[in-house]
Protein chains: 4
Amino acid sequence: MPETKTEKKLSPWQRKIHEIIFEADTPAGKWFDIILILFIGLSVIAVMMDSVQSLKAKYSDLLFFAEWLFTILFTIEYILRLISVTKPKLYALSFYGIVDLLAILPTYISLIYAGGHFLVVIRLLRILRVFRVLKLMQYVSESKVLAQALKASRRKITIFIFVVLTLVTILGSLMYLIEGEENGFTSIPKSIYWAIVTLTTVGYGDITPQTMVGQFVSVIIMLLGYGIIAVPTGIVTVEMSNTLKSKNKGKEGIRACRGCGKDTHDEDAKYCKYCGKELL
Amino acid sequence: MPETKTEKKLSPWQRKIHEIIFEADTPAGKWFDIILILFIGLSVIAVMMDSVQSLKAKYSDLLFFAEWLFTILFTIEYILRLISVTKPKLYALSFYGIVDLLAILPTYISLIYAGGHFLVVIRLLRILRVFRVLKLMQYVSESKVLAQALKASRRKITIFIFVVLTLVTILGSLMYLIEGEENGFTSIPKSIYWAIVTLTTVGYGDITPQTMVGQFVSVIIMLLGYGIIAVPTGIVTVEMSNTLKSKNKGKEGIRACRGCGKDTHDEDAKYCKYCGKELL
Amino acid sequence: MPETKTEKKLSPWQRKIHEIIFEADTPAGKWFDIILILFIGLSVIAVMMDSVQSLKAKYSDLLFFAEWLFTILFTIEYILRLISVTKPKLYALSFYGIVDLLAILPTYISLIYAGGHFLVVIRLLRILRVFRVLKLMQYVSESKVLAQALKASRRKITIFIFVVLTLVTILGSLMYLIEGEENGFTSIPKSIYWAIVTLTTVGYGDITPQTMVGQFVSVIIMLLGYGIIAVPTGIVTVEMSNTLKSKNKGKEGIRACRGCGKDTHDEDAKYCKYCGKELL
Amino acid sequence: MPETKTEKKLSPWQRKIHEIIFEADTPAGKWFDIILILFIGLSVIAVMMDSVQSLKAKYSDLLFFAEWLFTILFTIEYILRLISVTKPKLYALSFYGIVDLLAILPTYISLIYAGGHFLVVIRLLRILRVFRVLKLMQYVSESKVLAQALKASRRKITIFIFVVLTLVTILGSLMYLIEGEENGFTSIPKSIYWAIVTLTTVGYGDITPQTMVGQFVSVIIMLLGYGIIAVPTGIVTVEMSNTLKSKNKGKEGIRACRGCGKDTHDEDAKYCKYCGKELL
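Here is what the cut-offs are and how they apply
- Residues numbered from 1 in each chain as written.
- Chains lettered and ligands numbered in written order.
- Predicted model: local features only at pLDDT ≥ 70, side-chain atom pairs only at ≥ 80, totals over all residues.
- Heavy atoms only, no water.
- Helix = DSSP H or I, 4+ residues; strand = E, 2+ residues; numbered from the N terminus.
- Buried < 20%, exposed > 50% of the residue type's maximum accessible area, 1.4 Å probe, protein only.
- Contact = heavy atoms within 4.5 Å.
- Patch = residues over 30% accessible without salt bridge, like charges linked within 9 Å, V, L, I, M, F, W, Y side chains within 5 Å.
- Areas by Shrake-Rupley, 256 points an atom, 1.4 Å probe, with all protein chains shown as cover.
- Salt bridge = Lys/Arg side-chain N within 4 Å of Asp/Glu carboxyl O.
- Least-squares fit on C-alpha atoms with pLDDT ≥ 70 in both.
- Buried area = accessible area lost by both parts, 1.4 Å probe.
- Polar contact = N/O pair within 3.5 Å; in protein donor to acceptor, adjacent residues only side chain to side chain.
- Domains from an automatic or database assignment.
- pLDDT = per-residue confidence, 0-100.
- Expected span 1.5 Å × (residues − 1).
- Phe/Tyr/Trp six-rings, centres within 6.5 Å; stacked < 30°, edge-to-face > 60°.
- Axes fitted to C-alpha atoms, helices over the stretch in contact; angles between N-to-C directions.
- Left-handed = near helix turned anticlockwise from the far one by under 90°.
- Nonpolar A, V, L, I, M, F, W, Y, C, P; charged D, E, K, R; others polar.

**Observations regarding the overall build of chain A**
Of the regular secondary structure elements, chain A holds 12 helices and 0 strands. Seen in sequence order, chain A has helices and strands lined up from the N terminus as α-α-α-α-α-α-α-α-α-α-α-α. Per-residue burial over chain A gives 46% buried out of 280 residues. Sequence separation of at least 24 residues holds for 54% of the intrachain contacts in chain A that already meet a minimum separation of 6.

Printed below as a string of structure tokens:
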């Protein structure tokens, strides 16, 4: 996109920073991404360790140091991101911009308000940035196939979830009437929760039917869940197959035969298979 | 359908009401549907809240008011539906007609007989009306593909359920003999219930095999269940793929035969397969 | 098969009985099958009820009567089957012959030896006869497609089960070393049982990992199980798709064009789509 | 591969041993493999029995004898393998070479250090050798199809696991905040463990959400898990279908071109697509 006059001009060193931080195709950009993802990974591990009592007691100094180290590093990164874009406001209000800010705020808040430290857990959201790895590892085309197949089946899956939610609401309420509060089905929302646990074949076992009628209804829910899992699977499989086919078709049909005009040649074909003319 | 003479004539305002309540294509009909679904949603939430002890204690007045509000509104809707159709009896005895009646009765019954209030839960069945939303959102063709695929695989799925039920009956009885009442397998129906819980991979854990032989049989049931889930999935996937293909075939018919006018020709066809005329 | 001389000749009434009992195409044979399946169903329900303590106490007389009634009826059927075939020995030693005998023996044994009554549960195996219903309901072609698809994927599924069993043996043993007897993994066979419960996503929860390392290994088993369920599903779907295609192909390719000889015409084609010649 | 001069020459009896132990095509090699797999199976059963307290107490002498018998036999086999290859070092450092050594070491170690006996469990890894059975049973082509399909879907499955791991990390951390330590979600790693247990529909039930908000998030995880299982299934199904198709294509190559000799022509090809020569 050509820069419009309302945008502020970036100085050469701002351009350089932008190239390193935002792009992934240049060597510097690649290295920045790899190091950033490493740091995000380490900060995530630090947050996780901090939540385990035994580890927290043992390594409290190290974890305290790590938290501040990552906070300062991520603050520098955040500031560099802000000053290297032409529209800092747009970045600051974008999804990643907000996540980046939320990832550093809690530690500063904890200086004033003790309980704030707790929110450092938000830093975990930064791991969403690891999806850049896909770009680095050239897995882009593969993830596009998946995303396209899911997008194509969006409408059908919406209907499916619609039907499932209606089913569990009715069946859950039915179980509330059958089993009642003395058997753990203390309310309709809880019964619906149980119905979803059963239909999706998760089956925690924290609530289980005790009466014969209840067990009979459960069995129907289980068989339903066991059967209708075929529906999303069928949808995604068919769409994925279509996505791959149309992708392959596009690849093949670029060479039209000068003899007979047909253009459905395999990629390795040198001569037209319909009239024998050499292909270019 | 042309009106027969035995049908009573609808006056203009009855026609108007009919258009609003029963049709979804006119602006008025659309708005009515949206508001109705909203009200059904709210009444469902009210019934759910009423079943949660803590919420019931807190908002008992509000919930009591909501119950009567929705009952009166749904009563008016029910009466309007009755007077705006040419055959009110047919509507009253239809599935939705019965559900609509059952949704308002419990509140009135609770005036005479205190326990009746409990039955207001039936109102949840009204959420089935939300399937009109699909029509509103033009998701009809997508839901037809799903319905058609399921219809085409109906027979194969019947056989599958047949085999599964036979399997669990035999394996459940076997487990009753192996484990016995001291390990929770107190009767054959309960053992069959357990076998279904295991085969569908729900696995509550309320009943679990304790003996070595029992665990061995369980393992076989699990592997069976893990394997045969492939069968309904395979059926639905293949049928869904066929449904989509035949639907697409109809779409591709861009070449209409000049001889007979039919347009469902294969892509590589040179001559009309119905009348023999050359295709352009 | 033409009768050999060593076979005994069937008298007309024997033929009549054979037709009724063994064939399902004649009206009499159909009725016999329907009544037999009904009786098997009732006898299965009686056995089930007998295993439920509360029902047994209440209806002990009825159940005792039912058991003897079905035993006598099935005994008569067994004798009729024996005398209406040319090779009674072959029938007696066939799978269904043995099941039919085992279904009546326990009641007689209970006259001499009290505990024998317990074995009446074997009668449940008779429900396998309900698969004749498929024949009655003309579901044969559908069940053939399923059977053929499963047969074609037999070898691949064998390999799959092979890999799964190797996986659970190694992972189960690993968990026995990690968790040890104090956490419920009391022996290697039990750990393997747990690994299968986890891999197949049944997840009873009777044994659960307690250590961090154990939970980490469990997570790997779960993700494995969640992922490799795709393998049998993929196998069956592909084979089912192939079975249906080759079935359809067989149907289509019966009309060769007199003009160009091609025989891949759609069922509704009247003219050859390659040369325009009328098809017969 | 022709022998290079740096390799040591094998004497005739070494060749003979090599043929028996390493090859599976000769009768002697086949028999050796069958017997070896039988012995591995028996040694695995012995290790399993040894871990069951009741069996260990009963058959301690037999199990002690079996352990030493298999150790000595496997030691002889290991030595024979070493002396019958031209590069013993290469074998000793190969995966199977290390497994073979680890399978015999623990018993010898237990002579010096009592606790070492415990490690005999490593012997279980030898069951990986049973995959030779596939070769013996000519299941090779089937397992190649499976392996190829999995290999082709490798990248897509990597992305899928990537997304799943990101999801469970975020959702698990969220649940740690919602439910807290008093409801069993004692740390973030444990909450992630719970999220995987739920997403994969295993559902042990050792940790379950207690608060309403927690149950609501659980329900979302369950529906997600129930839905996205369609993704690996779709991937594997499509790849398996492609693998089989391209395999069949290769099979159809019965028409070799008289010009260039290539035989991978489509069924409807009239001219060789590699050199333009007319096909017969």
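Next comes the rest of the write-up.
**Concerning a nonpolar patch on the surface**
Residue and element names in this part refer to chain A. Taken together, the side chains of Ile72, Ile76, Ile98, Leu101, Leu102, Leu105, Tyr108, Ile109, Leu111, Ile112 and Tyr113 present a nonpolar region at the surface, about 1,000 Å² in accessible area. At the level of secondary structure, the elements contributing two or more residues to the nonpolar patch comprise α4 (60–83) and α6 (95–112). Here the element with the most residues in the nonpolar patch is α6; it accounts for 8 residues. In this structure Tyr113 comes out as exposed when scored by relative accessible area, which is 56%.

**A short note on the relation of the copies chain A and chain B**
For the match of chain A to chain B, the screw axis carries a shift of 0.0 Å, the RMSD comes to 0.1 Å, and the turn is 90 degrees. Expressed as an axis order, the relation between the two copies is that of a four-fold axis. By residue overlap, the copies meet through two different surfaces: only 20% of the interface positions of chain A are interface positions in chain B.

**A short note on the interface of chain A and chain B**
Contact with chain A, which involves 45 residues of that partner, is made by 49 residues of chain B. Counting the surface chain A buries against chain B, the share from its top three residues, Arg155, Ile159 and Tyr226 of chain A, is 18%. Linking chain A with chain B are 0 salt bridges. Connecting chain A to chain B are 6 residue pairs in polar contact (both at pLDDT 80 or more). Of all elements in the fold, only α9 (154–179), α10 (188–199), α11 (212–228) and α12 (230–252) of chain A reach the threshold of two or more residues within the side of chain A that touches chain B.

**Let's talk about the domain arrangement of chain A**
Taken domain by domain, chain A consists of domain 1 (12–139) and domain 2 (152–250). Computed from C-alpha coordinates alone, the two centres of domain 1 of chain A and domain 2 of chain A are separated by 38 Å.

**Details of the confidence of the model for chain A**
All names here are of chain A. Here chain A averages 81 in pLDDT, while 80% of its residues score no lower than 70. When pLDDT is averaged over each helix and strand of chain A, the minimum, 67, is found for helix α7 (residues 132–136) and the maximum, 93, for α10. Between residues 1–5, whose pLDDT stays under 50, and residues either more than four places distant or in other chains, the model counts 2 contacts. Interface scoring of the predicted complex returns ipTM 0.80; its pTM is 0.83.

**Observations regarding helix α4 (residues 60–83) of chain C**
Residue and element names in this part refer to chain C. Between its first and last C-alpha atoms α4 spans 35 Å; for 24 residues at 1.5 Å apiece the expected length is 34 Å, and the two agree. Among all positions of α4, only Leu63, Ala66, Glu67, Trp68, Phe70, Thr71, Phe74, Thr75, Glu77, Tyr78 and Arg81 are buried. Among the structural elements, α1 (12–22), α2 (27–51), α3 (53–58), α5 (88–93) and α6 (95–112) are those in contact with the buried residues of α4.

**With respect to the side chain of Glu67 of chain D**
Mapped onto the elements, Glu67 of chain D comes out in helix α4 (residues 60–83). The class of Glu67 of chain D is buried, set by a relative accessible area of 11%.

**Remarks on the packing of aromatic side chains**
Counted by the stated rule, this structure contains 24 aromatic pairs over all chains. Seen from their ring centres, Tyr78 of chain B and Tyr91 of chain B are 6.1 Å apart, and the 45 degrees between their planes marks the pair as tilted. Of this pair, Tyr78 of chain B sits in helix α4 (residues 60–83) while Tyr91 of chain B sits in helix α5 (residues 88–93); the two residues are 13 residues apart in sequence, bridging distant segments of the chain. Residue Tyr78 of chain B is classed as buried on the basis of its relative accessible area of 10%. On the basis of an interplanar angle of 75 degrees and a centroid distance of 5.8 Å, the ring pair of Trp68 of chain D and Tyr108 of chain D is categorised as edge-to-face. Of this pair, Trp68 of chain D sits in helix α4 while Tyr108 of chain D is found in helix α6 (residues 95–112), placing the two residues 40 residues apart along the sequence. On the accessibility criterion, Tyr108 of chain D (31% relative accessible area) is partly exposed.

**A few points about the pattern of salt bridges**
Under the defined criterion, the tally for this structure stands at 24 salt bridges over all chains. A salt bridge links Asp100 of chain C to Arg126 of chain C, with the nearest nitrogen and oxygen atoms 3.1 Å apart. A residue pair is termed long-range when its members are at least 10 positions apart, and Asp100 of chain C in helix α6 and Arg126 of chain C in the loop between α6 and α7 (132–136) qualify at 26 residues. Neither Asp100 of chain C nor Arg126 of chain C differs from the other in exposure class; each is buried. The salt bridge involving Glu77 of chain D is made with Arg81 of chain D; its shortest N-O contact spans 2.7 Å. Within this pair, Glu77 of chain D and its partner Arg81 of chain D are both found in helix α4, separated by 4 residues, close to a single helical turn. Of the two residues examined, Glu77 of chain D and Arg81 of chain D, each falls in the buried class. Look at the salt bridges and you will find they share partners, linking Glu77, Arg81, Asp100 and Arg126 of chain A into a network.

**Details of the environment of Leu36 of chain D**
Residue and element names in this part refer to chain D. Mapping Leu36 onto the fold places it in helix α2 (residues 27–51). Judged by relative accessible area, Leu36 falls into the buried class, the value being 10%. As for Leu36 and Val130, which are separated by 94 residues in sequence, their C-alpha atoms are 9.0 Å apart.

**A closer look at unusual backbone geometry**
Unusually for a residue other than glycine, Thr201 of chain B sits at a positive phi of about 60 degrees. Inspection of the secondary structure puts Thr201 of chain B in the loop between α10 (188–199) and α11 (212–228).

**Let's talk about the environment of Phe131 of chain C**
Note that Phe131 of chain C resides in the loop between α6 and α7. Looking at Phe131 of chain C, the relative accessible area reads 26%, which means it is partly exposed. Each C-alpha atom, one on Phe131 of chain C and one on Ile37 of chain C, is 9.5 Å from the other, the two residues being 94 residues apart in sequence. Excluding residues that lie within four positions of it along the chain, Phe131 of chain C makes contacts with Phe162, Val163 and Thr166 of chain B.

**Details of the side chain of Thr237 of chain C**
Inspection of the secondary structure assignment puts Thr237 of chain C in helix α12 (residues 230–252). On the basis of relative accessibility, which here comes to 5%, the residue Thr237 of chain C falls in the buried class. Among residues more than four places away in sequence, those in contact with Thr237 of chain C are Thr233, Gly234, Thr237 and Val238 of chain B together with Thr237 of chain D.

**Remarks on the packing of α2 of chain C against α4 of chain C**
All names here are of chain C. Interhelical geometry of α2 versus α4 gives an angle of 145 degrees and a closest axis separation of 10 Å. The crossing of α2 and α4 is left-handed. Contact with α2, carried on its side by Phe32, Leu36, Phe39, Ile40, Leu42, Ser43, Ala46, Met49 and Asp50, involves Leu63, Ala66, Phe70, Leu73, Phe74, Glu77 and Arg81 of α4 and no other residues of that element. Among the residues forming the contact of α2 with α4, the class breakdown is 12 nonpolar, 1 polar and 3 charged.

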